[in-house]
Amino acid sequence: MTLPRGMCCCPVCLKDYVALSNHLQRAHGVHNVEERKILLNLATRRVNVRNEACPVLGCSYHSTRLDKHLRDGHRELTRDEVEVNLDMARRTKSISLLTALRRTNPTVSMSTGLDLEEENEGDQMEVPGEAEEDAPQCPDPSSIHSKVEVKRLSARLQLVERELMNMRSKSQRLAKRLRRSQAMASARETPAATRKEMGIKRMR
Ligand SMILES: [Zn+2]
Ligand SMILES: [Zn+2]
């Protein structure tokens, strides 16, 4: 998860760059200083997410110490998973900063659209299941702006894939644990002290 020193993951295309500020200007045409700052802060994880809502599915925590809550309140998460969730919160926060910036109608126009992309996704997410029932339609060409749109979507996909990989390894670990505890349960004659030593107490 950690990149070589000085390397940052571009929040727009999710590729790693040393000189991200230059990359943002050259590759994504980010000339708005504020926009660039938000994206750079996101890339370097300098985003204050303490007041953000917990991104863990089914958790309703929304208070003032999200960082602490994720580390101490979600013991089911590995360290990497906590980081993934913090990254999601950082992205959400950055997107709301970008939305706020867009509302000010900046003189130097914004060139990335992380905030717009999330808005569209939100619209789709509000009607789960409905999309499948609708007859498949060809996408309106005007709604597919350009290669940039494709890039953004594939960046988003990469993020989701990364999360999926984390989830998968977590479920593999859980399955392993389960098998171990089943094996131990069947070996009933094992003295309690030994079982304790082998960590059976920690298994759920
Ligand atoms: Zn990029
Ligand atoms: Zn939570």
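Our subject is the structure listed above.
Keep in mind it's a predicted model, so treat the numbers as computed, not measured.

Draft legend 1. Broad picture of the overall build of the protein. For the protein, the count of helices and strands is eight helices and two strands. Walking the protein from its N terminus toward its C terminus, one meets helices and strands in the order β-β-α-α-α-α-α-α-α-α. Across the 204 residues in the protein, those meeting the buried criterion constitute 30%. The long-range fraction of contacts in the protein, counting pairs at least 24 apart against all pairs at least 6 apart in sequence, stands at 48%.

Draft legend 2. Geometry of the nonpolar core. In terms of nonpolar packing, the biggest core is built from 26 residues, with Leu24, Leu39 and Leu70 touching the most fellow members. Of all the secondary structure elements, the ones that give two or more residues to this core are α1 (20-28), α2 (33-43), α3 (66-73) and α4 (79-103). If one sorts the elements of this core by residue count, α4 sits on top with six residues. In contact with Leu39, not counting residues within four places along its chain, are Pro11, Val12, Leu24, Val30, Leu98, Thr112 and Leu114.

Draft legend 3. Region of interest: the coordination of the zinc ion (ligand 1). Protein coordination of the zinc ion (ligand 1) is provided by Cys10 (SG), Cys13 (SG), His23 (NE2) and His28 (NE2), with donor distances spanning 2.0 to 2.3 Å. Seen from the zinc ion (ligand 1), its four donor atoms lie at angles of 98 to 122°, and the figure they make is tetrahedral. Site description for the zinc ion (ligand 1): donor spacing in sequence, C-x2-C-x9-H-x4-H. Using a relative accessible area of 13% as the deciding quantity, one classes His28 as buried.

Draft legend 4. View of the coordination of the zinc ion (ligand 2). Protein-derived coordination of the zinc ion (ligand 2) comes from Cys54 (SG), Cys59 (SG), His69 (NE2) and His74 (NE2), at a distance range of 2.0 to 2.3 Å. Every donor counted, the four donor atoms about the zinc ion (ligand 2) form angles of 96 to 115° at the centre, which fits tetrahedral coordination. Sequence positions of the residues that donate to the zinc ion (ligand 2) give the spacing C-x4-C-x9-H-x4-H. One end of the pair, Cys54, is in the loop between α2 and α3; the other, His74, is in the loop between α3 and α4, and 20 residues separate them in sequence.

Draft legend 5. Structural context of a positive patch on the surface. Together, Arg173, Lys176, Arg177, Arg179 and Arg180 make up a region of like positive charge exposed at the surface. When you line up the elements, Arg179 lands in helix α7 (residues 147-186). Given a relative accessible area of 51%, Arg179 falls into the exposed group.

Draft legend 6. Focus on α2. Among the residues of α2, those classed as buried are Glu35, Arg36, Ile38, Leu39, Leu42 and Ala43. Buried residues of α2, seen end-on, are gathered within an arc of 160° and therefore sit on one face of the element. Among the residues trailing α2, Arg45 stands out with phi positive, at a value near 60°.

Draft legend 7. Main features of the side chain of Asn85. Here Asn85 is to be found in helix α4. Residues within four places of Asn85 in sequence aside, it is in contact with Pro55, Val56, Leu70 and Leu77.

Draft legend 8. Expanded view of the pattern of salt bridges. Throughout the structure, instances matching the rule amount to nine salt bridges. Within the structure, one salt-bridge network assembled from shared partners comprises Arg45, Arg71, Glu83, Asp87 and Arg90.

Draft legend 9. Local environment of unusual backbone geometry. One non-glycine residue, Leu14, adopts positive backbone phi at about 60°. Overall, Leu14 belongs to the buried group, its relative accessible area being 9%. Of note in the backbone geometry, Asn105 takes a positive phi value of approximately 55° without being a glycine. Its location among the elements puts Asn105 in the loop between α4 and α5 (114-125).

Draft legend 10. Spotlight on the environment of Ala53. Among the secondary structure elements, Ala53 is positioned in the loop between α2 and α3. Ala53 sits 39 residues away from Thr92 along the chain, and the two C-alpha atoms are 9.4 Å apart. Once you skip the residues sitting within four places of it in the chain, Ala53 turns out to touch Tyr61, His62 and Leu66.

How each quantity is defined
- Residue positions within a chain follow its written sequence, with the count starting from 1.
- Lettering of chains starts at A and numbering of ligands starts at 1, both following the order in which they are written.
- Totals for whole chains, interfaces and linings use all residues, but because this is a predicted model, local features are given only for residues with pLDDT of at least 70 and pairs of side-chain atoms are given and counted only at 80 or more.
- Just so you know, side-chain values use all the structure's heavy atoms and leave hydrogens and water out.
- Secondary structure elements follow DSSP: runs of H or I of four or more residues count as helices, runs of E of two or more count as strands, with numbering from the N terminus.
- The cut-offs for exposure are 20% and 50% of the maximum accessible area for each residue type, with area from a 1.4 Å probe on protein chains only; residues under the lower value are buried, those over the upper are exposed, and the others partly exposed.
- Note on contacts: a residue pair is in contact if any heavy atoms of the two residues lie within 4.5 Å.
- Working definition of a nonpolar core: buried Ala, Val, Leu, Ile, Met, Phe, Trp, Tyr and Cys residues. They are joined through side-chain atoms within 4.5 Å.
- Counted as donors are N, O and S atoms no farther than 2.8 Å from the metal, or 3.2 Å for Na, K and Ca; water is not among the atoms, and sites may therefore look incomplete.
- A site with four donors is called tetrahedral when every donor-metal-donor angle falls between 85 and 135 degrees; four donors are called square planar, and six octahedral, when opposite donors sit more than 155 degrees apart and all other angles fall between 65 and 115; any other arrangement is irregular.
- Patches here are clusters of residues that have more than 30% relative accessible area and form no salt bridge, with a 9 Å joining cutoff for like charges and a 5 Å cutoff for nonpolar side chains (Val, Leu, Ile, Met, Phe, Trp, Tyr).
- For accessible areas, the Shrake-Rupley method is used with a probe of radius 1.4 Å. Any residue's cover is judged against the shown protein chains and nothing else.
- For this analysis, a salt bridge means a side-chain nitrogen from Lys or Arg found within 4 Å of a carboxyl oxygen belonging to Asp or Glu.
- Residues scored as positive are Lys and Arg, those scored as negative are Asp and Glu, and His as well as the terminal groups of each chain are ignored.
- Charged side chains are reduced to one point each, which is NZ for Lys, CZ for Arg, CG for Asp and CD for Glu.
- Along the arc lie the directions from the helix axis toward the C-beta atoms.

From the geometry alone we can't say anything about function, so treat these as descriptive.
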